[in-house]
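# Breakdown of the fold
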Amino acid sequence: MMKKLLVLLLLICIASPTLFAQTKMIGNETDAQKEQRMEWWKDARFGMFIHFGLYSEAARHEWVKSNEGMTNEQYQKYFDQFNPDLFDPVKWAKEAKAAGMKYAVLTTKHHEGFCLFDSKYTDYKATNTPAKRDLVREYVNAFRAQGLKVGFYYSLLDWHHPDYTMDNVHPLVHSDTTKANYARLNKGRDMAKYRQYMRNQITELLTNYGKIDVIWLDWSWSKADQKRGVGKGANDWGSVELVKLIRKLQPGIIINNRLDLADYKDGADFETPEQVSSAELLPYRGRTWETCQTFSGSWGYYRDENTWKTHRKLLDLLITSVSNGGNLILNVGPTARGEFDYRATNALDSMAYWMHANSRAIYNCTFAPDSFKVPEGTKLTYNKAAKRLYIHLYDYPKGKLILPGYKGKVKYAQFLNDASEILYKDSGSDDLVLTLPVKKPPYEIPVIEVMLQ
Ligand code: GLC
């Protein structure tokens, strides 16, 4: 009997290693405490990502240093020229707020290694450029003053630090990833020192700027790449130690999932599907996640990139995120003068127009219970506490909309944008039939708000 049990246990362990691994804990927070800590973030649903750095000057992707295999010396011109004379985070914060965003995350240091904040541990920082300002401090003050939650992005990668070792995307390796080249370039480099540098800087960021709501650490290679010996993960970063440090300094903070700590139940607070299509968000239902998306193909300002997402596509990402129980963080890459470029401003303005009228279908909402069938040509969001269902009209119906099986479930229906009543009748079956005006309300995707019984 005992033997059988042991074999069974062994089989379960082999079949589902992650199930068991997931019980590993770094701290001792309970599920209920975590839920409380995450509450504002889940209710917020919509945030702003900001990628700003020396690469904004090159204006051809934030990976320009790696893509073009530039040395520190070749990249130095961007440091010498960095002078965002129109940098005004108060304006940024107002635009974010108007667009309906509830939080923001700014790159305090991206892969290039340049720090927007006044760090004691490096000279490679904004205060030493012609900008002569701690841009992070101004950002924090401005966004906080607008009532937005404040987040820091911090790159685990660092293409400037002298102790950071080679991997397959390091600018110095560029196209030569041979072992001999790695060995030559790694001479004198010491990741232990780099780990200490990160701990020092994260300590600065989480002690010198008041309460920080989110930390977004970026990124780790897949386990397969790490095995192949081309990339870095939890051991290289000292991820467990970092999480302990972060939680000690800012107990309420929310941490993303790019530290390579999937083995730990509390190694991350949310998943980060990047640049996925709205169709790919469905499997995330029931998990905790935020999809990060650009307006165009790059995170940093990219002058000549023209694949900008349409208003409809951006709206769809927002609605689909909420209708699958997740968040959307939309990125702006300000120009080297420190401004949102006109394309970003237009996109934000159009979101502002929609959110002004329809934000009730976004905040505090999630996916609707399965008992509500999705009417044709629509997507649903749902506010459980308020007992309201939101029907997003992707294809504006001709005169009527059938709500399949909704009989007995509805108390009242109205357009969300102007609170104008929508009449409905019983079709004789289980369905309800809404009568809609011929003229579509002036929103790309209008919303019907249904008060539920
Ligand atoms: C990627 C890129 C990076 C960008 C990030 C945002 O990991 O390396 O440039 O900042 O995604 O999610």
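Residues numbered from 1 in each chain as written. Predicted model: local features only at pLDDT ≥ 70, side-chain atom pairs only at ≥ 80, totals over all residues. Heavy atoms only, no water.

## Section: the overall build of the chain
When helices and strands are counted, the chain shows 15 helices and 14 strands. A compact globule built from 453 residues should have a C-alpha radius of gyration of about 22 Å, and the chain, at 24 Å, falls within 12% of that. For the chain, with 453 residues in total, the buried portion stands at 53%. Carbon and sulfur atoms provide 53% of the accessible area of the chain, an area that totals close to 20,400 Å². The positive charge centre, built from 61 side chains, and the negative charge centre, built from 53, are 4 Å apart in the chain. (Helix = DSSP H or I, 4+ residues; strand = E, 2+ residues; numbered from the N terminus. Rg over C-alpha atoms; globule rule 2.2 N^0.38 Å. Buried < 20%, exposed > 50% of the residue type's maximum accessible area, 1.4 Å probe, protein only. Areas by Shrake-Rupley, 256 points an atom, 1.4 Å probe, with all protein chains shown as cover. Lys, Arg positive; Asp, Glu negative; His and termini not counted. Charge placed at Lys NZ, Arg CZ, Asp CG, Glu CD.)

## A word on the domain arrangement of the chain
Bring the parts together and some accessible area is lost; that lost area is often taken as the interface size. One can read the domain layout of the chain as domain 1 (29-359) and domain 2 (378-452). Measuring from the centre of the C-alpha atoms in domain 1 to the corresponding centre in domain 2 gives 38 Å. Residue-level contacts link 13 residues of domain 1 with 13 residues of domain 2. Around 1,200 Å² of area is buried between domain 1 and domain 2 when both sides are counted, 58% of it from carbon and sulfur atoms. (Domains from an automatic or database assignment. Contact = heavy atoms within 4.5 Å. Buried area = accessible area lost by both parts, 1.4 Å probe.)

## Some thoughts on the site of the ligand
Taken together, 13 residues surround the ligand, and among them His51, Glu62, His110, His111 and Glu274 come closest. Within the side chain of tryptophan 63, a nitrogen or oxygen atom sits 3.0 Å from an oxygen atom of the ligand. A distance of 3.3 Å is found between an oxygen atom of the ligand and a side-chain nitrogen or oxygen belonging to arginine 258. In isolation the ligand has 310 Å² of accessible area, and contact with the protein removes 94% of it. (Near = heavy atom within 4 Å. Polar contact = N/O pair within 3.5 Å; in protein donor to acceptor, adjacent residues only side chain to side chain.)

## Things to note about the pattern of salt bridges
In the structure shown here, the tally under the stated rule is 26 salt bridges. Residues joined by salt bridges that share partners form a network here, namely Glu29, Lys34, Arg37, Arg247 and Asp269. (Salt bridge = Lys/Arg side-chain N within 4 Å of Asp/Glu carboxyl O.)

## With respect to the packing of aromatic side chains
How two aromatic rings sit relative to each other is set out by the distance from centre to centre and by the angle between their planes. Applying the stated criterion to the full structure yields 29 aromatic pairs. Ring centres of tryptophan 41 and phenylalanine 270 lie 4.7 Å apart, and the angle between their planes is 35°; on these two criteria the pair is classed as tilted. Of this pair, tryptophan 41 sits in helix H3 (residues 31-44) while phenylalanine 270 sits in the loop between strand S5 (254-255) and strand S6 (290-294), and the two are 229 residues apart along the sequence. The class for phenylalanine 270 is buried, based on a relative accessible area of 2%. Centroid distance phenylalanine 82 to phenylalanine 114: 5.2 Å. Interplanar angle 70°. Geometry classified as edge-to-face. With a gap of 32 residues between them, phenylalanine 82 in the loop between helix H6 (72-81) and helix H7 (89-98) and phenylalanine 114 in the loop between strand S2 (103-109) and helix H8 (135-145) connect regions that are remote in the sequence. (Phe/Tyr/Trp six-rings, centres within 6.5 Å; stacked < 30°, edge-to-face > 60°.)

## Observations regarding the sheet that holds strand S11 (residues 410-415)
Sheet architecture is open: four strands sit in the order S8-S9-S14-S11, paired in antiparallel fashion. Strands at the two margins of the open sheet, each flanked by one partner only, are strand S8 (378-383) and S11. Each strand of the sheet is rotated relative to its neighbour by a mean of 20°, with strand direction disregarded. When strand S9 (residues 388-393) meets strand S14 (residues 447-452), the two strands line up antiparallel, connected through five bridges. For tyrosine 390, the partnering residue across the bridge sits in S14 and is glutamate 449. Sheet strands touched by helix H14 (residues 311-323): S8 and S9. Its angle to S8, the strand with the most contacts, is close to 55°. (Pairing = 2+ DSSP bridges. Axes fitted to C-alpha atoms, helices over the stretch in contact; angles between N-to-C directions.)

## Quick notes on the sheet that holds strand S3 (residues 149-155)
Ordered by their spatial adjacency, seven strands build an open sheet running S5-S4-S3-S2-S1-S7-S6, and the pairing between neighbours is parallel. Each end of this open sheet is capped by a strand with a single partner; those strands are S5 and S6. Sheet topology note: the strand S1 (residues 46-50)/S2 ladder contains four bridges and is parallel. Note that in S2 the partner of glycine 47 across the bridge is tyrosine 103. In the packing of H8 onto the sheet, the strands contacted are S1, S2 and S3, and the crossing angle to S3 comes to about 155°.

## Structural notes on helix H15 (residues 342-358)
The end-to-end C-alpha separation of H15 is 24 Å, in line with the 24 Å expected for 17 residues at 1.5 Å each. Among the residues of H15, Arg343, Ala344, Ala347, Leu348, Ser350, Met351, Ala352, Trp354, Met355, Ala357 and Asn358 are the ones counted as buried. (Expected span 1.5 Å × (residues − 1).)

## A short note on the nonpolar core
Counting 97 residues, the largest nonpolar core has Phe143, Phe152, Trp237 and Trp354 as its most contacted members. The residues that make up this core include at least three from each of domain 1 (29-359) and domain 2 (378-452). Of all hydrophobic cores here, the second largest spans 21 residues; its members include Leu393, Leu401, Ala413 and Leu452. (Core = buried A, V, L, I, M, F, W, Y, C linked by side-chain atoms within 4.5 Å.)

## Re the pairing of S6
The buried fraction of S6 is high, at five of five residues. Of the two faces of S6, the one holding Glu290, Cys292 and Thr294 and the one holding Thr291 and Gln293 are both buried throughout. Alignment of S6 against strand S7 (residues 327-332), held across five bridges, turns out to be parallel. Across the sheet, residue glutamine 293 finds its bridge partner in S7, namely leucine 330. Assessed by its sense of winding, the connection that carries the chain from S6 through H14 to S7 is right-handed. (Right-handed = clockwise from strand over helix to strand, strands pointing away.)

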